[in-house]
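The chain contents come next:
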Amino acid sequence: MIILQDRGKKFRDPVHGFIHMTEAELEIINSPVFQRTRNIKQLSLGHYVYHGAEHSRFGHMIGAAHIAGLAYDSLKKNSKSEKIDLDDRDRATLRIAALLHDVGHTPFSHSLETILDKPHEDYSQKLVESYFEDMIKKADVDVDDVNSLIKGVYSKPFLNNIVSGQLDVDRLDYLLRDTYYSGVTYGRYDLGRIIEEMAIRHDKFVVLQGGYEAVEQLIFARYQMYQQVYFHKTKRSFELMLWMCAKILKEQKALDYPSLDDLENDSGISKYIQRDDRWFLNEIFGSKDPRVVIIADMIKKRKPYWEIYSPVSYRSEPSNIRTEPDNSTNSLGVIQNAFFLATSDLGIEEHEFLKDDISRSPYKLMPDYAISDIDETEGTSISIYYENRDFVEPIEKRSHIVYTLAKNPPSMIRGFVIPKKYPLVREHFRKTFDYCLPERS
């Protein structure tokens, strides 16, 4: 008897080239819930700054599944001497978990997530259980195993790192994809080398020593992408404007977004399919609330709120490179708190001032690493394996770059004000903080 191979379908991806999807994966991709992610932009309103960055969660999820398959193949090839139990079902489970890890995202990705009562991961897991179950079973994969991988609690711990870890397929794809569509170079790194060096040693996920430099490169790339793209002042201004609109609508109980419980029935699923970027823009453009009307009109005309303080614009004093990097962020915290308390007296309404206080480490150090001698392989660190000595250690124990970046994450204490109130704020800052904002018109 001749057994035909699963023909599936090839996707031509601008980042990874041809990506093959099986028939079962294709059924998941073609479902209305998955297709919804075509209309959720990966970088929210990032295309208002980097005009090419109009890519969606759809392409990212397909790319993540592709990398998951490559990572599995490399793990198996590089770990033949280990007594591990890996089979085709693990590979299929891994790819489907990567394919569905972001299916629960809100409109405009992370911009509106804090408005919801639950994070997008919870929505993804709920949809895996309530909507995708039958499709997943057709791939001979257990639904609980898919969710276990998304949560990072799969029975084979070394596979958790591929879907939920510091070297997971999520960031391995989004750094290259966001870099490509943004037209920048900051997020480039050697994906092929990292994949090639993935292995299992002593029942743990590791990168062989030949991949050390490529991992270090990736961590630095992530740091630079936060600094230059994800935390860009205009991008953040527009994202906070979206957030303020959502906050106002939610307070008015006018933001009809499905709850987790709603996803258990067909009507809730139908509603969820419609809740994408276009839906939210229609909500704010159709709002009668005067505050939302003003912000929505500014978004439509690409007019952001204006930055009034940030680590880039404010320097309290020259840095002393022989001691430590500039600590202007500490001073900005004082300015931000003082200004926030003064907004009412200045006649600045809540929706006219947007406070940005965001920090994201490009790498998380092993717990208590700096002061403890705990097991080197514990925690979430990326572990490097040295074949000649047969030992594993976190990359930060060798890399001064990684350790320094982890200890000094990009931090953006920043404020934005509606343009019509900028002259008033400028005068207030001059008198109160001896801080001279530039003239704007």
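The coordinates are above.
So, here's what we can say about the structure. (Residues numbered from 1 in each chain as written. Predicted model: local features only at pLDDT ≥ 70, side-chain atom pairs only at ≥ 80, totals over all residues. Heavy atoms only, no water.)

All right, on to the pairing of strand β3 (residues 198–201) then. Put simply, side chains in a regular strand alternate between the two faces of the sheet. Of the two faces of β3, the one carrying Met198 and Ile200 and the one carrying Ala199 and Arg201 are both buried. Relative to strand β4 (residues 204–208), β3 is paired through 4 bridges, and the arrangement is antiparallel. In the sheet register, Ala199 faces β4, and the bridge partner there is Val206. In this antiparallel pair of consecutive strands, β3 and β4, the connection spans 2 residues, and His202 shows a positive phi of 55°. (Buried < 20%, exposed > 50% of the residue type's maximum accessible area, 1.4 Å probe, protein only. Helix = DSSP H or I, 4+ residues; strand = E, 2+ residues; numbered from the N terminus. Pairing = 2+ DSSP bridges.)

Another point: unusual backbone geometry. Positioned with a positive phi, Asp140 is a non-glycine residue whose angle comes to about 60°. We classify Asp140 as partly exposed; its relative accessible area is 48%. At Asp203, a residue that is not glycine, the phi angle is positive and equals roughly 65°. Relative to the assigned elements, Asp203 resides in the loop between β3 and β4.

Attention now goes to the side chain of Ser383. Among the secondary structure elements, Ser383 is positioned in strand β7 (residues 383–386). When its relative accessible area of 9% is taken as the criterion, Ser383 is described as buried. Ignoring any residue separated from it by four or fewer positions in sequence, one finds Ser383 in contact with Phe205, Val206, Val207, Val392, Glu393 and Pro394. (Contact = heavy atoms within 4.5 Å.)

Time to look at the sheet that holds β4. Across the sheet, 4 strands lie side by side as β3-β4-β7-β8; this open sheet has mixed pairing. Here the strands that pair on one side only, and so sit at the sheet edges, are β3 and β8 (391–394). Each strand of the sheet is rotated relative to its neighbour by a mean of 50°, with strand direction disregarded. (Axes fitted to C-alpha atoms, helices over the stretch in contact; angles between N-to-C directions.)

What follows concerns the pattern of salt bridges. Should the charged atoms of two oppositely charged side chains come close, the side chains can pair. Across all of its chains, the model carries 30 salt bridges by this definition. Between Arg193 and Glu197 there is a salt bridge, with its nearest N and O atoms 3.6 Å apart. Owing to a relative accessible area of 37%, Arg193 belongs among the partly exposed residues under this scheme. Two residues, Glu239 and Arg236, come together in a salt bridge whose shortest N-O distance is 3.1 Å. With Glu239 and Arg236 both in helix α12 (residues 233–251), this residue pair falls 3 residues apart, about one helical turn. Considered together, Glu239 and Arg236 belong to a single accessibility category, that of buried residues. (Salt bridge = Lys/Arg side-chain N within 4 Å of Asp/Glu carboxyl O.)

No statement about biological role is implied by the geometric values presented.
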